[in-house]
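Overview (structure and organization)
Residue strings, one per chain:
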Amino acid sequence: MATALRRRSLAYLLLAPGTLWLVIFFVIPLYFMAKLSLDTEIPGTLHYHFTWAWSNYKEALQLYDTQFVRSFIYAGIATLLCLIIAYPLAYVIAFKAGRWRSLMLFAVVAPFFTTYLVRTLAWKTILSNESPITEIFHAIGLAPSGHILYTGFAVIAGITYNFLPFMVLPLYASLERIDVRVLEASKDLYASASSTFWKVTLPLSLPGVVAGTLLTFIPAVGDYVNAEFLGGANNRMIGNVIQSLYLTQSNYSAASALSFVLMAVIMIVVFIYIRFAGSEALMGQEAV
Amino acid sequence: MSTTATTAVSERDITPGRGSLSAETGPARAWRWLREHAVNIAAVLVVIYLLIPIAVIFIFSFNNPAGRYNFTWVGFTLSHWSHPFANTELTEAMLTSIRLALLATVVSTIVGTMMAIALVRHKFVGRRIANFLIVIPMATPEVVMGASLLSFFLVLGTPALGFTTLLIAHVMFCISFVVVVVRSRLIGFDRSLEEAAKDLGAGPFTTFRLITFPLILPGIFGAAMLAFALSIDDFVISNFNSGTTVTFPLYIFGAAQRGIPVEVYVVAMILFFVTVAAMGFATWQQRRAERMTSIRPEQEEADIVLPGIA
């Protein structure tokens, strides 16, 4: 009894510093921001007082609804592209790479070792008007104006590249857990390669698909570096708006309101997505 | 030649959905080879795609640009590599980044490891809440975290924005990742070794010092590396909470408006090579540790990349 008690107090002792840090510097700031989002500025003073000003939300959303919707569209397209690009790579690393496996996994995480901003600057070079990539796209009619940089296309390309490893790694992890004998059984029962993939491999890898899409989508929606470096004035995302409202215009109430809506919408999207895809993903895991 | 042709034909005969029996011509054979290796080819293309920007950074670190921007190729020069730290502003920013990342790594690794041990090894009231508290920062967009922390500092009026607030912020977003990595190491851990130590008369502290700690050390090391990488690369949260302090990413962002010196590319490449070397060392250490114990190696790799969702 005494030891049980001592063990339990040890647990709380081990937990305390980290929990306190997260509560003080993550949870409480969110509360402060919630309060700020309902504040009204005392005119001309930069001081705020609390007024339950729900109008902050209405005004912010009316002003910035385009950027809001755009962020979700860009992030959605980029996440889908990531899934399409990442799946073959994850599949090959899990089942076919053999002794190349470590090297290919290294290639997946290698972009993380260069600084995020420098990586994005490199895309500025790759997509510049003088680059062969731009010329090819122009030649096949995908860039009719002859330039890619400062368009939505460039922003989506940047986001896709920057968050691709977040898709590959969970996909690889779930594919790697699949028992190869299940795939062999499917082959033995005369399933063609494509029906083995659609009916066995893909359903079993669904947990990885769910995890990967979430890990890509969430940071992509809030991203503003790609839009800042690769996009033009018409490609600003909600992250750019929040950033400039906070740091340049000092319009804290509007920025807080937007941050909260962003967080809430992400939570709702994630929740619906997990309810929708999660049950099937779990079934896939049970079947193993 | 003829025998191989017949086997090829008979093979195709029993495989459903394959073409006619006529002898394969060159293009047809090439097409079949392409179809059979399509996945591999796609994977190799994706690997190339992943590495192209790194190659671009490397190549452009030798560029000799005409203006202030390093976006188009002008000519080859070694001058930036021979004086990578000539730009004092940049060097200063890099040193601040390294100092910040080291401190944030030490604090978050200690605090996070303690949390991971509590979560895996102890049963207590509020475990679910603690788990939730760890997952939720990883599911929050950085811009929201940065903005809310800035609100907090502004409302309180203290501490003044600068190195301290940066350190607070970096430790905050590193903790969750440290917990996830160390926890996966603790889960894939052979408890019988600890029981053996206990049976041989070791107290709980001795068992921890001589058995548990050395065994989870590779996990802690991996977590520390991840924390360091996250901290040194962070831009969004730092941009909100830096005040006048300039880190490497903040320097680049500021410079992007007035022209980017080539040294940025050189320093980025140096950082890349150092990280690769450290990664290689860590992998080697881990392999050695695994050879000595019976920890299941596949388990943790899978868990590292699924923070809190699996």
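From a predicted model like this one, the values you see are computed outputs, not experimental measurements.

**Regarding the overall build of chain A**
Counting its secondary structure elements, chain A contains 12 helices and 2 strands. In chain A, the succession of helices and strands from N to C terminus is α-β-β-α-α-α-α-α-α-α-α-α-α-α. When the 288 residues of chain A are sorted by exposure, 45% land in the buried category.

**Overview of the overall build of chain B**
Across its full length, chain B carries 14 helices and 0 strands. Classification of the 310 residues of chain B by burial places 39% in the buried group. Considering only residue pairs separated by 6 or more positions, chain B has 78% of its internal contacts joining residues 24 or more positions apart.

**So, the confidence of the model for chain B**
Reading predicted coordinates in detail is not appropriate for stretches of low pLDDT. All names here are of chain B. Mean pLDDT over chain B works out to 82, with 86% of the residues at or above the 70 mark. Between residues 1–21, whose pLDDT stays under 50, and residues either more than four places distant or in other chains, the model counts 5 contacts. Below pLDDT 50 for its whole length, residues 295–310 participates in 37 contacts with residues either more than four positions away or in separate chains.

**Quick look at the environment of Leu 105 of chain A**
Among the secondary structure elements, Leu 105 of chain A is positioned in helix H3 (residues 101–113). When the C-alpha positions of Leu 105 of chain A and Ala 254 of chain A are compared, they lie 43 Å apart, and in sequence the two are 149 residues distant.

**Looking at the environment of Ala 229 of chain B**
Among the structural elements, Ala 229 of chain B can be located in helix H10 (residues 204–233). Spatially, the C-alpha atom of Ala 229 of chain B lies 7.9 Å from that of Ala 101 of chain B, the residues being 128 residues apart in sequence. The contact partners of Ala 229 of chain B, leaving out residues within four places of it in the chain, are Phe 112 of chain A together with Thr 275 of chain B.

**Comments concerning the nonpolar core**
Of all hydrophobic cores here, the largest spans 158 residues; its most connected members are Ala 86, Ala 90, Val 168 and Leu 258 of chain A together with Ala 227 of chain B. Composition of this core by domain shows at least three residues from each of domain 1 (16–53) and domain 2 (65–287) of chain A. Apart from residues no more than four positions distant in its own chain, Val 168 of chain A is found in contact with Ala 86, Leu 89, Ala 90 and Val 108 of chain A.

**Let's talk about the domain arrangement of chain A**
Residues and elements named next belong to chain A. As far as domains go, chain A holds domain 1 (16–53) and domain 2 (65–287). Here domain 1 and domain 2 have C-alpha centroids that lie 32 Å from each other. Residue assignment for the side of domain 1 that touches domain 2 shows that the elements contributing at least two residues are helix H1 (2–36) and strand S1 (39–42). Among the elements that take part in the side of domain 1 that touches domain 2, H1 stands out by supplying 3 residues, more than any other. Residue composition of the side of domain 1 that touches domain 2, by class: 5 nonpolar, 1 polar and 2 charged.

**Looking at the interface of chain A and chain B**
At the junction of the two partners, chain A supplies 77 residues and chain B supplies 69 residues. In terms of residue count, the dominant contributor to the side of chain A that touches chain B is H1 of chain A (19 residues). Across the side of chain A that touches chain B, the residue classes break down as 57 nonpolar, 12 polar and 8 charged.

**Details of the packing of helix H4 (residues 116–126) of chain A against helix H12 (residues 248–258) of chain B**
Running from amino to carboxyl end, H4 of chain A crosses H12 of chain B at an angle of 35 degrees, the nearest separation of the two axes being 9 Å. Between H4 of chain A and H12 of chain B, the contacting residues are Tyr 116, Leu 117 and Val 118 of chain A on the first element and Pro 249, Ile 252 and Phe 253 of chain B on the second. Its residues assigned to classes, the contact of H4 of chain A with H12 of chain B comprises 6 nonpolar, no polar and no charged.

**A look at the environment of Phe 221 of chain B**
Relative to the helices and strands, Phe 221 of chain B resides in helix H10. Between the C-alpha atoms of Phe 221 of chain B and Pro 53 of chain B, which are 168 residues apart in sequence, the distance is 28 Å.

**So, the confidence of the model for chain A**
Here chain A averages 85 in pLDDT, while 94% of its residues score no lower than 70. Segment residues 279–288 of chain A is flagged for pLDDT under 50; beyond a separation of four residues in sequence, or across chains, it makes 12 contacts in the model.

**Notes on the packing of helix H11 (residues 238–247) of chain A against helix H7 (residues 142–156) of chain B**
Closest axis-to-axis distance for the H11 of chain A/H7 of chain B pair is 10 Å, and the angle between their directions is 15 degrees. If you check the angle between H11 of chain A and H7 of chain B, you find them roughly parallel. In this structure, H11 of chain A meets H7 of chain B at a crossing whose hand is left-handed. Together, Gly 239, Ile 242, Gln 243 and Tyr 246 of chain A of H11 of chain A and Val 143, Ala 147 and Leu 150 of chain B of H7 of chain B make up the contact between the two elements.

Calculation notes
The residue numbers shown here count from 1 along each chain, following its written sequence. Both sets of labels track the order of writing: A upward for chains, 1 upward for ligands. Whole-chain, interface and lining totals are the exception, using all residues; otherwise, since this is a predicted model, local features are given only for residues with pLDDT of at least 70 and side-chain atom pairs are given and counted only at 80 or more. Comment: elements are numbered from the N terminus, with helices defined as DSSP H or I runs of at least four residues and strands as E runs of at least two. Our exposure labels follow a C-beta count within 10 Å of each residue's own C-beta, placed from the backbone: buried means 20 or more other C-beta atoms, exposed means 12 or fewer, and partly exposed covers the counts in between. Contacts are defined on C-beta atoms placed from the backbone: any two residues whose C-beta positions lie within 7 Å are in contact. Every residue gets a pLDDT, meaning the predictor's confidence in that residue, from 0 to 100. Put simply, a nonpolar core is buried Ala, Val, Leu, Ile, Met, Phe, Trp, Tyr and Cys residues tied into one set by C-beta atoms within 7 Å. Segment limits for the domains were obtained from an automatic or database-derived domain assignment. The residue classification treats Ala, Val, Leu, Ile, Met, Phe, Trp, Tyr, Cys and Pro as nonpolar and Asp, Glu, Lys and Arg as charged. All others, Gly included, are polar. Angles run from 0 to 180 degrees between N-to-C directions of axes, and those axes are lines fitted to C-alpha atoms, restricted for helices to the stretch in contact. In this scheme, roughly parallel covers angles under 35 degrees and roughly antiparallel covers those over 145, while 65 to 115 is roughly perpendicular and the rest are oblique. Two helices crossing with the near one rotated counterclockwise from the far one by less than a right angle form a left-handed crossing, whereas a clockwise rotation gives a right-handed crossing.

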